[in-house]
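The residues making up each chain are set out below.
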Amino acid sequence: MHEMSVALSIVEAAEARARREGSGVISEIALVVGRLAGVVPDALRFCFPAAARGTLAEDAVLVIEEREGRGVCVSCGASFAVSFHVAECPECRSLAVRVVSGDEFIIESITIEEGE
């Protein structure tokens, strides 16, 4: 499952950061996931506890902010929601559409509690 490997990568990155900061316990990981990123947030939420088991992120809360896809027509400049990387402008019907958001996949923040 693709989302399991993504979840494992997130945990690995968060643990590396926690170790650099002094090996505290990770209490929260916040992500930004665009709807065009190829990751299903609900599946990622489902996989995360298994990926985090036995790690510094075992009890962490996974917070996911989903962002819609947005496109801009190169021909007429219209801005609109898109659900695929290939889209048609709703104003002029041009296929010259540039995706400007929605393909993000970012670890926005990692909250680390100080170890005792």
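See the structure printed just above.
Residues numbered from 1 in each chain as written. Predicted model: local features only at pLDDT ≥ 70, side-chain atom pairs only at ≥ 80, totals over all residues. Heavy atoms only, no water.

**Some words on helix H2 (residues 41–52)**
Along its 12 residues, H2 runs 16 Å from first to last C-alpha, staying within 8% of the 16 Å computed at 1.5 Å per residue. When we look at burial in H2, the residues that qualify are Pro41, Ala43, Leu44, Cys47, Phe48, Ala51 and Ala52. Down the axis of H2, the sector holding all buried residues measures 145°, keeping them to one side. Opposite the buried face of H2, at more than 90 degrees from it, the exposed residues are Asp42 and Phe46. Tucked into the core, H2 has its buried residues touching helix H1 (2–20), strand S1 (25–34), strand S2 (61–67) and strand S6 (105–113). (Helix = DSSP H or I, 4+ residues; strand = E, 2+ residues; numbered from the N terminus. Expected span 1.5 Å × (residues − 1). Buried < 20%, exposed > 50% of the residue type's maximum accessible area, 1.4 Å probe, protein only. Arc of directions from axis to C-beta. Contact = heavy atoms within 4.5 Å.)

**Here's the deal with the sheet that holds S6**
As summarised here, the arrangement of the three strands in space is S2-S1-S6, forming an open sheet in which the pairing is mixed. Each end of this open sheet is capped by a strand with a single partner; those strands are S2 and S6. If you compare each strand with its neighbour and ignore which way they point, the axes differ by 15° on average. By the bridge criterion, eight bridges tie S1 to S6 in an arrangement that is antiparallel. By the bridge assignment for S6, Val25 is matched with Glu113. Across the sheet, H1 touches S1 and S6, and the angle it forms with S6 is around 45°. Where H2 meets the sheet, it contacts S1, S2 and S6, and its direction lies at approximately 170° from that of S2. (Pairing = 2+ DSSP bridges. Axes fitted to C-alpha atoms, helices over the stretch in contact; angles between N-to-C directions.)

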